[in-house]
Amino acid sequence: KMIVNITHVMIPRNIPFTFSWARGNRATGEDETGMSHGNWMSNKFSSISDRAVIGLAEKSHTVSYKGNHWHTRSADRARSIVKHRSGDANRHASKMREIRDAAVVGYVSMTSLGAMLVEAGQDVVNVKKVRAYAAAENGKRGLVDVVNSSRWQMLGAL
């Protein structure tokens, strides 16, 4: 549960959350709505710094889209398949996705593949620039103060 007061929002870690959203872009005439699932957690595989302490894992799903910049053929096909399958088949497919996802997470965790994937996906030039920015002022560009604050400790991060 988030704790909200007049000056702060304290977000708990390791608790999955879901939210819906709507956004529009007047310049392109696009409008879209969707939902996202996320989780604030310990950051063990930062591509930016070996001193990162938290990260956000998030997956967004567009529910509706109006505009001309991308199509929904794949989503429309998936909706059609789900609509025409039996309830039992849909429940079985959902369970199989959960089992597959758990197996993938287990494998990635046991083999340290996550760290290798992070390294493989890095744009080395930009990572160096971001790390240099983060290291400026001996890494004291606000992060140390936040991590050592009583507000941070109230989140149970330490």
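One structure accompanies this document, and this report is about it. (Residues numbered from 1 in each chain as written. Predicted model: local features only at pLDDT ≥ 70, side-chain atom pairs only at ≥ 80, totals over all residues. Heavy atoms only, no water.)

### Brief notes about a nonpolar patch on the surface
Argument step 1. Where nonpolar side chains cluster on the molecular surface, the patch consists of Met2, Val4, Val9 and Ile11 and spans about 350 Å² of accessible area.
Argument step 2. The class for Val4 is exposed, based on a relative accessible area of 57%. (Patch = residues over 30% accessible without salt bridge, like charges linked within 9 Å, V, L, I, M, F, W, Y side chains within 5 Å. Areas by Shrake-Rupley, 256 points an atom, 1.4 Å probe, with all protein chains shown as cover. Salt bridge = Lys/Arg side-chain N within 4 Å of Asp/Glu carboxyl O. Buried < 20%, exposed > 50% of the residue type's maximum accessible area, 1.4 Å probe, protein only.)

### Topic: the side chain of Glu30
Argument step 1. Note that Glu30 resides in strand β4 (residues 30-42).
Argument step 2. No salt bridge forms around the buried Glu30; measuring N to O, its nearest opposite-charge neighbour Arg23 is 8.5 Å away.
Argument step 3. Within the structure, the side chain of Glu30 is placed 2.9 Å from the side chain of Thr28, a separation counted as a polar contact.
Argument step 4. Aside from chain neighbours lying at most four places away, what touches Glu30 is Arg23, Gly24, Asn25, Tyr65, Lys66, Gly67, His69 and Trp70. (Helix = DSSP H or I, 4+ residues; strand = E, 2+ residues; numbered from the N terminus. Lys, Arg positive; Asp, Glu negative; His and termini not counted. Polar contact = N/O pair within 3.5 Å; in protein donor to acceptor, adjacent residues only side chain to side chain. Contact = heavy atoms within 4.5 Å.)

### Points about unusual backbone geometry
Peptide bonds are, in most cases, trans, and in most cases residues other than glycine have a negative phi.
Argument step 1. The backbone of Asn14 sits at a positive phi, close to 60°, despite the residue not being glycine.
Argument step 2. By the element assignment, Asn14 lies in the loop between β2 (9-10) and β3 (17-25).

### So, helix α2 (residues 87-111)
Argument step 1. When the terminal C-alpha atoms of α2 are compared, their 36 Å separation across 25 residues agrees well with the 36 Å that a helix rising 1.5 Å per residue should span.
Argument step 2. Directly beyond the C-terminal end of α2, a positive phi value near 60° is found at Ser112. (Expected span 1.5 Å × (residues − 1).)

### Observations concerning the pairing of β3
Each regular strand carries side chains that alternate between the two faces of the sheet.
Argument step 1. Note that β3 and β4 share nine bridges and pair antiparallel. Each residue of the ladder has a partner; that of Gly24, found in β4, is Asp31.
Argument step 2. A loop of four residues connects β3 with β4, the two strands running antiparallel in sequence, and Gly29 in this loop sits at a positive phi of about 75°. (Pairing = 2+ DSSP bridges.)

### Examining the pattern of salt bridges
Here the idea is simple: oppositely charged side chains can pair when their charged atoms come close.
Argument step 1. As enumerated under the stated definition, the model contains five salt bridges in all.
Argument step 2. A salt bridge links Glu32 to Arg23, with the nearest nitrogen and oxygen atoms 3.1 Å apart.
Argument step 3. Take Glu32: its relative accessible area is 16%, and that puts it in the buried class.
Argument step 4. Given a relative accessible area of 49%, Arg23 falls into the partly exposed group.

### Some points on the environment of Glu30
Argument step 1. The buried category is assigned to Glu30, whose relative accessible area is 18%.
Argument step 2. When the C-alpha positions of Glu30 and Gly67 are compared, they lie 4.5 Å apart, and in sequence the two are 37 residues distant.

### Observations regarding the sheet that holds β3
Argument step 1. Strand order in the open sheet made by the three strands is β3-β4-β5, with antiparallel pairing throughout. Each having just a single partner strand, β3 and β5 (54-66) make up the two edges of the open sheet. On average, each strand axis in the sheet is tilted by 25° relative to the strand beside it, whichever way the strands run.
Argument step 2. Relative to β5, β4 is paired through twelve bridges, and the arrangement is antiparallel. In the sheet register, Asn39 faces β5, and the bridge partner there is Ala57. (Axes fitted to C-alpha atoms, helices over the stretch in contact; angles between N-to-C directions.)

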